[in-house]
Amino acid sequence: MSIKFNFENALINAHEYHYLKPVIEAAHKTLHAGDGPGNDYIGWVDYPSSFDLAEFERIKAAAKRINEMADVLIVIGIGGSYLGAKTVIDALTHTFYNELPKEKRKTAKIYFAGQNISSTYLSDLMEMVENESVCLNVISKSGTTTEPAIAFRVLKKALEKKYGVEEAKNRIFATTDAKSGALRTLATANGYETFVIPSNVGGRYSVITPVGLLPIATAGIDIDAFMAGAADGQTAFSNPNIDENPCYQYALMRNVLYNKGKAIEVLVNYEPSMAFLAEWWMQLYGESEGKDGKGIFPTKMNNTTDLHSMGQMIQDGPRHVFETVVRVEKVEKEIVLELEDNDLDGLNYLAGKTMSYVNENAFKGTLEAHVDGNVPNLVVTIEKLDAFNLGKLMYFFMKACGVSGYVLGVNPFDQPGVEAYKKNMFRLLGKK
């Protein structure tokens, strides 16, 4: 398989794995039968094999049109409406994508707005693009979520001032509900090109829908391959035989570890391009599992960087932590270290070795040290970082999350706690 899961360093007993297998099997049946909590939001499960092909082609056409008319696409959304797209774009484009000259980049710069309420951030973004040709992709099922609604109001006004009301309409692409909501009403009234957020898919599971696909395609990423990877994951990870299904093994192991008091999961990577994968993963698991006083707290380490900050805490701190490492077998670009006449830095012993070889051994050495320090380690390995494998990896985490949530005894598809801050904010702001 292009995704491998290794739990030989999970520090559990064999019987703990076998005791939980029937619970995982029951969760699998519940998810696929569609009769569990939150079953109105499990459309993502079979979406990779059932999505609207006509809309998919419109997404590719819209991405092409954006790249023909604009230097910049600003994606407006919060939570799942931006995390998935940014994850894929960061992972699969040049590390300094927006800074590349257009002749090398070939596609529009991608910026994000509406993921905060910072006037400084939005002002700086508008200053950054004031001399650029701009399009907007506003993403919201309702159109009334505070953060993106504020950003869209401000950016829409700036766009209309720059291009005029009629031309601005051609530069705004709305991803929203098929039938109702403030954004749907506005889009219909103004003739924006629209794409549908499926009513049965929640935001944190939406990267494989138009929510993620339009920005991803605009960045020049092969969304056919991305969806093919997700579809391959749909097939592979639907196997009820846990011994043959790495996705279900991951769901099982994290629940075994939670039952043993490991309440914090650290997602670890060794490639900076994968740093935002952890941000997406943190929302996926945090919002899905953190309910009823239960849930594994998701956090992250970007290694080897964070070994020089959080490494001490992991090695010698409280023993309520386990790590899940996402590693890539084959890197796209390589640097070979050369021999120096003056070996002042003491690195000549690495001459002829590649940087990825050094990085791989940093991973191995860290794993050994942390396991010796009684920190369980799970390892998810993908063959290489491309659109197909990333689509499959993200489906892997989504499927494991749905199953894991049911094992935990929560509804993994709602987020009632998110509303608490909104009610207080609206009261303080004097909203009627």
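Peer 1: What am I meant to see in the packing of helix 2 (residues 53-69) against helix 10 (residues 223-236) here?
Peer 2: Helices that pack against each other are described as a pair by the angle of their axes relative to one another and the distance between those axes. Look at helix 2 against helix 10: their axes get within 11 Å of each other, and the N-to-C directions meet at 145°. On the side of helix 2, the interface is formed by F56, I59 and K60, while helix 10 contributes I223, D224 and M227. Taken together, the residues of the contact of helix 2 with helix 10 sort by class into 4 nonpolar, no polar and 2 charged.

Peer 1: Could you clarify how one ought to interpret the sheet that holds strand 6 (residues 193-196) in this entry?
Peer 2: Ordered in space as 3-2-4-5-6, the 5 strands form an open sheet in which the pairing is parallel. The sheet terminates laterally at strand 3 (109-113) and strand 6, the two strands that pair on one side only. Going across the sheet, the axis of each strand differs from the next one's by a mean of 20°, ignoring polarity. Relative to strand 4 (residues 134-139), strand 2 (residues 72-76) runs parallel, the two being bridged by 5 bridges. Note that in strand 4 the partner of V75 across the bridge is N137. Packing against the sheet, helix 6 (residues 146-163) makes contact with strand 2, strand 3, strand 4 and strand 5 (172-176), and its axis sits at approximately 155° to strand 4.

Peer 1: Can you walk me through the sheet that holds strand 8 (residues 297-302) in this structure?
Peer 2: Two modes of strand pairing occur in sheets, parallel and antiparallel, and in both the strands are linked by backbone hydrogen bonds. Overall, mixed pairing links the 5 strands, which are arranged 1-10-9-7-8 in an open sheet. The open sheet has two free edges, formed respectively by strand 1 (3-9) and strand 8, since each of these has just one partner strand. When strand polarity is set aside, the average angle formed by the axes of neighbouring strands in this sheet is 20°. In the sheet, strand 1 pairs with strand 10 (residues 377-384) via 5 bridges, with the strands oriented antiparallel. In the strand pairing of strand 10, K4 is matched with T381.

What counts as what
Residues numbered from 1 in each chain as written. Predicted model: local features only at pLDDT ≥ 70, side-chain atom pairs only at ≥ 80, totals over all residues. Heavy atoms only, no water. Axes fitted to C-alpha atoms, helices over the stretch in contact; angles between N-to-C directions. Helix = DSSP H or I, 4+ residues; strand = E, 2+ residues; numbered from the N terminus. Contact = heavy atoms within 4.5 Å. Nonpolar A, V, L, I, M, F, W, Y, C, P; charged D, E, K, R; others polar. Pairing = 2+ DSSP bridges.

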